[in-house]
Amino acid sequence: MEVIEVLHMNGGIGDTSYANNSLLQQKVISMTKPIREQAITDLYCSSLPKKLCIADLGCSSGPNTLFVVSELIKTVNTICKKLGHDQSPEFQVYLNDLPGNDFNAIFRCLPRFHANLRNEMGSALSPCFFTGTPGSFYDRLFATESLHFVHSSYSVHFLSKVPEGIESNKRNIYMASTSPPSVVKAYYDQFQTDFSMFLKYRSQELVTGGRMVLTLLGRRSDDPTSKECCYIWELLAVALSDMVSEGLIEEEKLDSFNIPKYTPCPAEVKTEVEKEGSFAIDRLEVSEVNWNAYHDELCPSDEFKDGGYNVAKCMRAVAEPILVSHFGKTIMDEVFRRYKEIIADRMSKERAEFINVTVSMTRKG
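This structure is a prediction, so every number in the text was calculated from the model and none was measured.

Caption draft 1: Just the nonpolar core, in detail. Membership of the largest hydrophobic core comes to 74 residues, with the highest contact counts inside it found for Phe198 and Tyr339. Residue contributions to this core peak at 12 residues, all from helix α7 (residues 227-245). Not counting the four nearest positions on each side in its chain, Tyr339 is found in contact with Ile232, Leu235, Leu236, Ala239, Ala312 and Met315. Grouped together as the second largest cluster of nonpolar side chains are 31 residues, Ile29, Tyr44, Ile73 and Val213 included.

Caption draft 2: View of the pairing of strand β1 (residues 51-57). Along β1, 6 of the 7 residues are buried, which leaves the element largely enclosed by surrounding structure. By the bridge criterion, 7 bridges tie β1 to strand β2 (residues 90-97) in an arrangement that is parallel. Directly across from Cys53, in β2, lies its bridge partner Gln92. On the question of chirality, the crossover connecting β1 to the parallel β2 by way of helix α4 (residues 67-82) is right-handed. Strand direction decides the pairing type here: β1 and strand β4 (residues 147-153), joined by 3 bridges, are parallel. Counterpart to Asp56 in the pairing with β4 is His151.

Caption draft 3: Highlighting the packing of helix α3 (residues 33-47) against α4. Remark: α3 packs on α4, axes separated minimally by 10 Å, with the N-to-C direction vectors making an angle of 50 degrees. Put simply, α3 runs oblique to α4. Relative to α4, α3 is oriented so that their crossing is right-handed. Here Lys33, Arg36, Glu37, Ile40, Thr41, Tyr44 and Cys45 of α3 lie close against α4, whose contacting residues are Val68, Glu71, Leu72, Thr75, Val76, Ile79 and Cys80. Taken together, the residues of the contact of α3 with α4 sort by class into 8 nonpolar, 2 polar and 4 charged.

What counts and what doesn't
Here the residue numbers are simple positions, counted from 1 along each chain's written sequence. Per-residue local features of the predicted model are confined to residues with pLDDT of at least 70, and side-chain atom pairs are confined, for both listing and counting, to 80 or more; whole-chain, interface and lining totals are unaffected and use all residues. Only hydrogens and water are set aside; all other atoms, that is, all heavy atoms of the structure, feed into the side-chain values. Buried Ala, Val, Leu, Ile, Met, Phe, Trp, Tyr and Cys residues that are joined via side-chain atoms within 4.5 Å together make up what is termed a nonpolar core. The cut-offs for exposure are 20% and 50% of the maximum accessible area for each residue type, with area from a 1.4 Å probe on protein chains only; residues under the lower value are buried, those over the upper are exposed, and the others partly exposed. Strands are runs of DSSP state E lasting at least two residues, helices are runs of H or I lasting at least four, and both sets are numbered from the N terminus onward. Only heavy atoms enter the contact rule, under which two residues are in contact if any of them lie within 4.5 Å. One requirement defines pairing of two strands: DSSP has to find at least two bridges between them. With its strands directed away from the observer, a crossover is right-handed exactly when the path from the first strand over the helix to the second travels clockwise. Whenever a helix is involved, its axis is fitted only over the stretch in contact; in every case the axis is a line through C-alpha atoms, and angles between N-to-C directions fall within 0 to 180 degrees. Note on angle classes: values under 35 degrees are labelled roughly parallel, values over 145 roughly antiparallel, values of 65 to 115 roughly perpendicular, and the remainder oblique. With the far helix as reference, a near helix turned anticlockwise by less than a right angle produces a left-handed crossing, and one turned clockwise produces a right-handed crossing. For this classification, the nonpolar set comprises Ala, Val, Leu, Ile, Met, Phe, Trp, Tyr, Cys and Pro, the charged set comprises Asp, Glu, Lys and Arg, and every other residue, Gly included, is treated as polar.

So, in structure tokens, the structure goes:
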């Protein structure tokens, strides 16, 4: 399985699309807003650039894609007003994701995005240019020292490939409490390799003093197989395993499938940043969000009161393309019907949260 070919969110605006099932990711973006505000404020006040180049890595498509960009532009505009500047800098925005991403949906949203910004900011708004940049962020994406600010939310925890040497991880689709130690080590080794390369390439693309803010799905625990980071995938493995037992999926198909992802703890992030050496950590924080995006929200209809339904739809929007590439499309409705029931049962018995690790860094001179 070539990850670059199959790892993308469900495109379009249909019932299972990421655009209609990404409220949880939006909540995380909102929760981490103060960290980005501080980073962009420190960056602008320290250099006062006439042109500000921003890259959003793993931008996906849907309402969240331009959410952070809009927020950053407004923050810089507010700073300019406080400093007595008549005009904000020009903005060059690069939107990056893998080639399978629904970039067309993003481009169709840009005229409305520009119109909304003009209505809100008026004459203070300088030109804002957008460029789509398809490709893996585990490779070089931008010219040397061409960026001032890099942001990524809920993307860098995905690996460049499924780790090698994990054939013994049978009936699991990710690290799990039953995974052999060699599997856990292989996942961690792949994370170290990938994250180090990610940092190396971003250090080449950012100007000295440039800022980078990353939010990854992670964990508090030192145990990489703890429930707080692996449980959601263990439950999907239960649904798939049940279908193997009933003859709906071949056992070899399940045994040969693993998710290319690693959910680090803060110490692991810190270790890799310090080891690579190009960045100074400004903030490293942990937060949590309920599995159900509509938890403590006014539900738009009765169906959204079903936590299992909401979580399964969110996970389907993220995981379906990679599952389809391995198991085929015909069984997807059945997989996620079973997954919904399993999730609902577990959520009725215990508190279920995703753990987020956010790191804000400055490119060293």
